[in-house]
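Each chain, written out:
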Amino acid sequence: MLTLYIKLISSFQNYRQFINLFFRKGCFLIRGGLFTLGAILFFFCRAAGSVEMLLLGRLIVGLASGLTTAILPMYLTEIAPLALRGTFGVLCSMGVTGGVVVGQVFSLRHIFGTEELWHYALSFYIILVAVCYLPAYYYPESPKFLYIVRNDHELARSELRRLCKGPNAALVIKHEID
């Protein structure tokens, strides 16, 4: 099991190849699938009496968390307006920190920290994943990625038009492309 984990990590050592292969939005959706699978394993490991399910869930959620720290800041800064790019880049680390705090609170003995309810505490984050991923169809692909990496200039302009609204939209799109 440890060997498999090491091989997975080393195969994604150059995460940019992975991101470019599946696009930014595709990697975002892959992360959601991994988080969902991990939550399912966490939830059912107690009923199955399986420590292996718990460990596999930890492995999968760890991989998804690694993808989160590599992909999400990049995606957010590429779709954010120029004036807000730094702010959006920081949101990922703030979200991870907030998630750790929420996880600690839900693990308190008065909430889900008992012998009968601990698996709820581990899998509760699935609610946040669902809220985040249900509207994922409407999320745009990164215009920067489409323009530079995929060399699809027309689709990049189309995504920029989706992102840029208002009276200065044409100027903003021209500034982004140039």
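Just so you know, these numbers come straight off a predicted model, no measurement behind them.

Quick word on the packing of aromatic side chains
When we look at a pair of aromatic rings, we describe it by the centre distance and by the angle of the planes.
Turning to step 1, where the next piece is worked out: The full count for this structure, using the stated rule, is nine aromatic pairs.
Turning to step 2, where the next piece is worked out: On the numbers, 5.3 Å between centres and 65° between planes, the contact of Phe43 with Tyr120 is edge-to-face. Of the two residues, Phe43 sits in helix α2 (residues 15-48) while Tyr120 sits in helix α5 (residues 118-123), which places them 77 residues apart along the sequence.
Turning to step 3, where the next piece is worked out: Here Tyr137 and Tyr138 contribute two aromatic rings whose centre-to-centre distance is 5.3 Å and whose plane-to-plane angle is 80°, an arrangement assigned as edge-to-face. Tyr138 shares its class with Tyr137; the two are exposed.
Turning to step 4, where the next piece is worked out: Members of the aromatic cluster, joined through ring pairs, are Phe43, Phe44, Phe112, Tyr120 and Phe124.
Turning to step 5, where the next piece is worked out: Lys25 extends its terminal NZ or CZ atom over the ring of Tyr137, reaching a point 5.9 Å from the ring centre.

So, the confidence of the model for the protein chain
Turning to step 1, where the next piece is worked out: Confidence in the prediction for the protein chain averages 82 pLDDT; 88% of positions are at 70 or higher.
Turning to step 2, where the next piece is worked out: Of all helices and strands in the protein chain, the one with the weakest mean pLDDT is helix α1 (residues 2-11) (57), whereas helix α3 (residues 51-79) scores best (89).

A word on the layout of surface pockets
Turning to step 1, where the next piece is worked out: Put simply, the largest pocket is a space of about 1,200 Å³.
Turning to step 2, where the next piece is worked out: Around the largest pocket, the lining is made up of 34 residues, and of these Phe35, Val96, Gly99, Val100 and Tyr125 lie nearest the centre.
Turning to step 3, where the next piece is worked out: Elements represented by at least two residues in the lining of the largest pocket include exactly α2, α3, α4 (85-106), α5 and α6 (126-133).
Turning to step 4, where the next piece is worked out: Per-element tally for the lining of the largest pocket: the top contributor is α4, with 10 residues.
Turning to step 5, where the next piece is worked out: Of the residues contributing to the lining of the largest pocket, the split by class is 22 nonpolar, 10 polar and two charged.
Turning to step 6, where the next piece is worked out: Estimates place the volume of the second largest pocket at around 430 Å³.

Observations regarding the side chain of Glu159
Turning to step 1, where the next piece is worked out: Looking at the secondary structure, you find Glu159 in helix α8 (residues 153-163).
Turning to step 2, where the next piece is worked out: With residues near it in sequence (within four places) discarded, Glu159 still touches Pro140, Glu141, Pro143 and Leu146.

Here's the deal with helix α9 (residues 169-177)
Turning to step 1, where the next piece is worked out: Taken together, the buried positions of α9 are Ala169, Ile173 and Ile177. Angular distribution of buried residues about the axis of α9 spans 65°; they occupy a single face of the element. When the buried face of α9 is taken as reference, the exposed residues oriented beyond 90 degrees from it are Leu171, Lys174 and His175.
Turning to step 2, where the next piece is worked out: If you follow the buried residues of α9, they end up packed against α7 (143-149) and α8.

Observations concerning the nonpolar core
As a rule of thumb, soluble globular proteins bury nonpolar side chains together.
Turning to step 1, where the next piece is worked out: If you look at the biggest cluster of nonpolar residues, it comprises 21 residues, and the most contacted ones within it are Leu34, Phe35 and Tyr125.
Turning to step 2, where the next piece is worked out: Broken down by secondary-structure element, the contributors of at least two residues to this core are α2, α3 and α6.
Turning to step 3, where the next piece is worked out: It is α3 that provides the largest number of residues to this core, a total of nine residues.

Conventions and cut-offs
- Residues numbered from 1 in each chain as written.
- Predicted model: local features only at pLDDT ≥ 70, side-chain atom pairs only at ≥ 80, totals over all residues.
- Heavy atoms only, no water.
- Phe/Tyr/Trp six-rings, centres within 6.5 Å; stacked < 30°, edge-to-face > 60°.
- Helix = DSSP H or I, 4+ residues; strand = E, 2+ residues; numbered from the N terminus.
- Buried < 20%, exposed > 50% of the residue type's maximum accessible area, 1.4 Å probe, protein only.
- Lys NZ or Arg CZ within 6 Å of the ring centre and 35° of its normal.
- pLDDT = per-residue confidence, 0-100.
- 1 Å grid on protein atoms, 1.4 Å probe; cavity = no way out; pocket = protein on both sides within 12 Å on 5 of 7 lines; lining within 4 Å.
- Points joined across faces, edges and corners; volume = space filled by probe spheres on them.
- Nonpolar A, V, L, I, M, F, W, Y, C, P; charged D, E, K, R; others polar.
- Contact = heavy atoms within 4.5 Å.
- Arc of directions from axis to C-beta.
- Core = buried A, V, L, I, M, F, W, Y, C linked by side-chain atoms within 4.5 Å.

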